[in-house]
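Chain and residue survey
Each chain, written out:
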Amino acid sequence: MRSNVLNLYLAMLAIQAGFILPANLNAQVQSPETFVGFRVGEDRKLFGWQTVVDYFYILDSASEKITVQELGETTLGKPFLMAIISSPHNLLNLAKYKNLQKQAANPRHLAGDDMRLLAKEGKVVVMITLNIHSTEIASSQESIELAYRLVTDHSAGTKRILDNVIILLIPSMNPDGMQRVVDWYQQYLDTPSEGAPLPYLYHPYAGHDNNRDWFMMNLAETKLVSKQYYHEWFPEIVYDQHQMRSESARLFLPPYTDPVNPNLHPLLLAQMNKFGKHIVSELQAQEFRGIVTDAFYTAWWEGTSVMTPWWHNMMGILSEVASVQIATPLYFPKGSLQGGRRGLPEYRARMNFLDPWLGGWWRLRDIINYELAITFALLDLAAREKESIIYNFCKMNKDAVERGKTEPPFAYVVPTTQHDPVTAADMIDILMQGGVEVHLAEADFIADSYKFKKGSYVISLSQPFRPYVKDMLERQSYPDLHDSPAGPPIRPYDVTGWTLPLMMGVETVEIESPFDADLTRLQSLETPPGKLVNDGERGYLISHRTNRSFALINHLLNKDREVFWLRNEVEADGTILQPGAIYVPDNEIEPKEIEFLARKLSLEIVRTNRKLIGQPAYRINEFEVGLYQPFTANMEEGWTRFILEQFEFPYKTIYNAKIRNSSLDGDYDVIILPDMTAQEIIHGRKKDRPDMYSPKIPEPYEDGITKEGVQHLMEFVEKGGTLIALDSACDFAIEQFGLPAKNIVKEVPESDFFCPGSLLEILVDNSEPIAYGMPSNAAAMFVKSPAFQPIYWSQRTGVPAYYPDYNPLLSGWILGEDKIQGLAAVLDIPVKKGCVVLIGFRAQHRAQTPGTYKFLFNAIQLSAAEEVVLED
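Residues numbered from 1 in each chain as written. Predicted model: local features only at pLDDT ≥ 70, side-chain atom pairs only at ≥ 80, totals over all residues. Heavy atoms only, no water.

**Topic: the overall build of the protein**
- Across its full length, the protein carries 24 helices and 40 strands.
- Taken over the C-alpha trace, the protein has a radius of gyration of 28 Å; the compact-globule value for 872 residues is 29 Å, and the two agree within 12%.
- Oriented by its inertia axes, the alpha-carbon framework of the protein measures out at about 85 × 70 × 65 Å.
- Counting contacts in the protein only where the partners sit at least 6 residues apart, residues at least 24 apart contribute 80% of the total.
- Within the structure as shown, the protein displays about 33,000 Å² of accessible surface, and the carbon and sulfur contribution to it stands at 48%.
- Side-chain charges in the protein split into 81 positive and 110 negative, and the spacing between the mean points of these groups amounts to 3 Å. (Helix = DSSP H or I, 4+ residues; strand = E, 2+ residues; numbered from the N terminus. Rg over C-alpha atoms; globule rule 2.2 N^0.38 Å. Contact = heavy atoms within 4.5 Å. Areas by Shrake-Rupley, 256 points an atom, 1.4 Å probe, with all protein chains shown as cover. Lys, Arg positive; Asp, Glu negative; His and termini not counted. Charge placed at Lys NZ, Arg CZ, Asp CG, Glu CD.)

What follows is the structure in structure tokens.
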């Protein structure tokens, strides 16, 4: 159902596909098999994203049951599609049904009878998301067959689905990655490397972590889909298709396993359990085997595209089908299948694994068959129980509104006074993208004895998405789980703490009692206004506290302007700026230009009359950044690239060959090693004992930097370079360079110390240049990270951050916290003319921790700095 503007394009596509469209554009469309030239899912055959786009537009032109929308562009500029599939009547009345969905998502004005009437009148909306993980390629191929069957099948079951369900189908959540995987696979087809893992990230920045971005909203694709979730369509059900490891069950379906997040509505969990068990029953009747439930995936953590909607009272159904080697089939002989994962300790029949698959050939087409069967079983139940699903969605949203009126916390307040006010506004924007209602205080008010100023942000808990607000802003307390009292801890599925104010360094106050305030609901967020204040003539001063100040410095350096960091406190417009204040001499830039930058970056810049002659400072010179990119598809490297670009840091990617084969001094001032093990850095994916059953890693991508590269890195540092090691890469630097530091927790067994993804308190010495601009306390994302004991020696080792002498846990879970109390979290170690900076936690974790970016940014900008005394 496209507008006539596209008819010529569609007709051309149709002619290319081998058929002529009639005037009414309602012809019988070619089958997917005829269109692509082979059966979808055939061994070793794949098609790319443009084929998907072309086929969906042809379906759109040929059927009144589908309309295709381009929601925007992907990270690399490809069209990002969503197909809306339903009956012709429903598609002609989409505005009506979208309005009903908005009322169901915000039913404040609805009584019980009104909600039942809405449920009767409305259509249940099901969002189906495919191929977010690009190497899980089957669902992208399935997409065209699924759409074809829905619009061409005339059975009573499909008619019932289309009459009662509005399907929002995303053919690929990562078209860029889908195309990368197809190209990679086809490049090595019929070679020993057929089916080998990609050496680079399939999402340009995030790789597999594109499914960890769904509360932070960093990526273009996340933003596009989240807008449909929380602002446009409010689907009652989100169904996300994935693939998993090959050697165990054929399929995972809900129920999910423990622990259960306490903010989830019990009715939501009950409905997801029902859907999972119903689908198992339907598939079992069709003789699909090897289905496991109540296993593998927990109901605790949010951050994925299918789980984050849970806290918006939307069902999120995850399916995980056993993988092949991209499109190459695998054979499983008797005895090769195994358990050993949470919920399936052994590969044998049990109540959550009723009918084990016995083995044999497993093909791409098998995956597609499972996924199609799941989809139709889910849609059939959604159609049959339309009214109860919509009513329950209304009820849960209504419950959230009412619960927020009677149960604490009643609100969260983000005060006007913030260490970094721009990052505080960014947090509000992130929450609003997630559908959160935010108010602005029109006057000063008092709540829980706190005095808040006009302009404070107020987030009431009396709102439909109360579970999401609470889960994002409160501190998590993950349960201490063990298989046995003396056994090691059970690993969580992902991180255990994700408190947004802690990660972003934003002061947020939880309000435990009702209060009155003059509030206005924000419909959109205005960025805090930047400004140039005073009219002095001796230069410009900017606080180091705001992350955006680094973008300003990088912009000025790119224009060959002089920039300094002052090493002592300085007064500016009545405010004392801490050490690290940024100074730009008056003759370096015109007031109009710097005022423009102040407004663009939301910075307050003071034009001062203060004489700064004789002040000790660092002259920040232009620097060359080298970011090491291994051929192991390292996600933290991708996220580091992402934030460097966000803050306008120039950088060059360094590959193994450069480090192995040549001297590095003179090419870079600073080299960054992302979070990865020493083994990965030195040896890459090279195996000690090659085998004949795994795809061969193509030779250019197999090795790491090797011992020669280690020597070149050491020489680079000794001659004046800065090496920044992030998280696990710190062990590489300590061990290979013989640094005066020990990772105290490296050899501690998990039964004695375990912290797999939690926010820990660090104490910050912000007189250390690497900690300039930081508050005295911060939250560090600790993910099985190192903790350092510095060793005394003849040189000064800086300790910009360390763990307190008490339990550092702020959010999540830690076992054996005493093992790291008092240890260093960040070290600045001189090595001859250069230095090594060890940042022993994920300072830039998934671009979700702006509260600790400064450790990385300062270390970079200091890499080419020189100590000076300011002159006239």
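Having seen the structure, we can now continue with the description.
**Digging into the sheet that holds strand β19 (residues 519-521)**
- Here five strands make up an open sheet; going across it, the order is β18-β13-β17-β14-β19 and the pairing antiparallel. Both outer strands of the open sheet, β18 (509-511) and β19, are each paired with one neighbouring strand and no more. Across the sheet, the mean angle separating the axes of adjacent strands is 30 degrees when strand polarity is ignored.
- Of the pairings in the sheet, the one linking strand β13 (residues 411-414) to strand β17 (residues 457-460) comprises four bridges and is antiparallel in character. Counted as the bridge partner of Val414 is Tyr457 from β17. (Pairing = 2+ DSSP bridges. Axes fitted to C-alpha atoms, helices over the stretch in contact; angles between N-to-C directions.)

**Some remarks on helix α6 (residues 112-121)**
- Regarding α6, the residues found buried are Met115, Leu118 and Ala119. End-on view of α6: buried residues confined to an arc of 100 degrees, all on one side of the axis. In α6, the exposed positions angled more than 90 degrees off the buried face are occupied by Asp113, Leu117 and Lys120. (Buried < 20%, exposed > 50% of the residue type's maximum accessible area, 1.4 Å probe, protein only. Arc of directions from axis to C-beta.)

**Details of the environment of Ile672**
- Looking at the secondary structure, you find Ile672 in strand β30 (residues 670-673).
- By relative accessible area, which is 0% here, Ile672 ends up buried.
- Separated by 35 residues in sequence, Ile672 and Glu637 place their C-alpha atoms 9.0 Å apart.
- Residue contacts for Ile672: discarding those within four places in its chain leaves Val625, Gly626, Leu627, Tyr628, Leu644, Ile724, Leu726, Leu856 and Ile860.

**What to know about the nonpolar core**
- Counting residues in hydrophobic clusters, the biggest one holds 180 residues, and the most contacted among them are Phe56, Ile85, Ile167, Leu169, Leu283 and Leu500.
- Sort the elements by how many residues they give to this core and helix α12 (residues 364-384) lands first, with 14 residues.
- Leu500 has contacts with Phe215, Met216, Met427, Ile430, Leu431 and Met472, leaving out every residue within four places of it along the chain. (Core = buried A, V, L, I, M, F, W, Y, C linked by side-chain atoms within 4.5 Å.)

**What about the packing of α6 against helix α13 (residues 386-406)?**
- Contact geometry of α6 with α13 gives a least axis separation of 8 Å together with a crossing angle of 140 degrees. The angle between α6 and α13 falls in the class oblique. α6 and α13 meet at a crossing whose hand is right-handed. Residue-level inspection shows Gly112, Met115, Arg116, Leu118, Ala119, Lys120 and Glu121 of α6 in contact with α13, the latter providing Lys386, Glu387, Ile390, Tyr391, Cys394, Lys395 and Lys398.
- Residues of the contact of α6 with α13, tallied by class, amount to six nonpolar, one polar and seven charged. (Parallel < 35°, antiparallel > 145°, perpendicular 65-115°, else oblique. Left-handed = near helix turned anticlockwise from the far one by under 90°. Nonpolar A, V, L, I, M, F, W, Y, C, P; charged D, E, K, R; others polar.)

**Side note on the packing of aromatic side chains**
- If you walk through the whole model with that rule in mind, you get 45 aromatic pairs.
- Here the aromatic rings of Trp214 and Tyr229 are separated by 6.1 Å at their centres, their planes lie at 40 degrees, and the arrangement is tilted. One end of the pair, Trp214, is in the loop between α9 (175-187) and α10 (220-233); the other, Tyr229, is in helix α10, and 15 residues separate them in sequence.
- Look at Tyr297 and Tyr493: their rings are 5.3 Å apart centre to centre, the planes differ by 75 degrees, and that puts the pair in the edge-to-face class. Taken together, the residues Tyr297 in the loop between β8 (291-292) and β9 (298-299) and Tyr493 in the loop between α15 (466-473) and α16 (500-504) connect sequence positions 196 residues apart.
- Through successive ring pairs, a cluster of aromatic residues spans Phe252, Tyr256, Phe296, Tyr297, Trp301, Trp310, Trp311 and Tyr493.
- Positioned above the aromatic ring of Phe332 is the side chain of Arg250, whose terminal nitrogen or guanidinium carbon lies 4.9 Å from the ring centre. (Phe/Tyr/Trp six-rings, centres within 6.5 Å; stacked < 30°, edge-to-face > 60°. Lys NZ or Arg CZ within 6 Å of the ring centre and 35° of its normal.)

**Considerations on the pattern of salt bridges**
- Throughout the structure, instances matching the rule amount to 46 salt bridges.
- For Arg363, the salt bridge is made with Asp43, and the minimal N-O distance between the two is 2.3 Å. Highlighted residues: Arg363 in the loop between β12 (360-362) and α12 and Asp43 in the loop between α2 (32-36) and α3 (49-62), separated in sequence by 320 residues.
- Owing to a relative accessible area of 22%, Asp43 belongs among the partly exposed residues under this scheme.
- Between Arg567 and Glu867 there is a salt bridge, with its nearest N and O atoms 3.1 Å apart. (Salt bridge = Lys/Arg side-chain N within 4 Å of Asp/Glu carboxyl O.)

**Points about the side chain of Thr797**
- Position of Thr797 among the secondary structure elements: in the loop between β35 (788-790) and β36 (798-802).
- Among the residues examined, Thr797 registers a relative accessible area of 17% and is labelled buried.
- When residues no more than four places from it in sequence are discounted, the contact partners of Thr797 are Pro740, Leu827, Asp828, Ile829 and Pro830.

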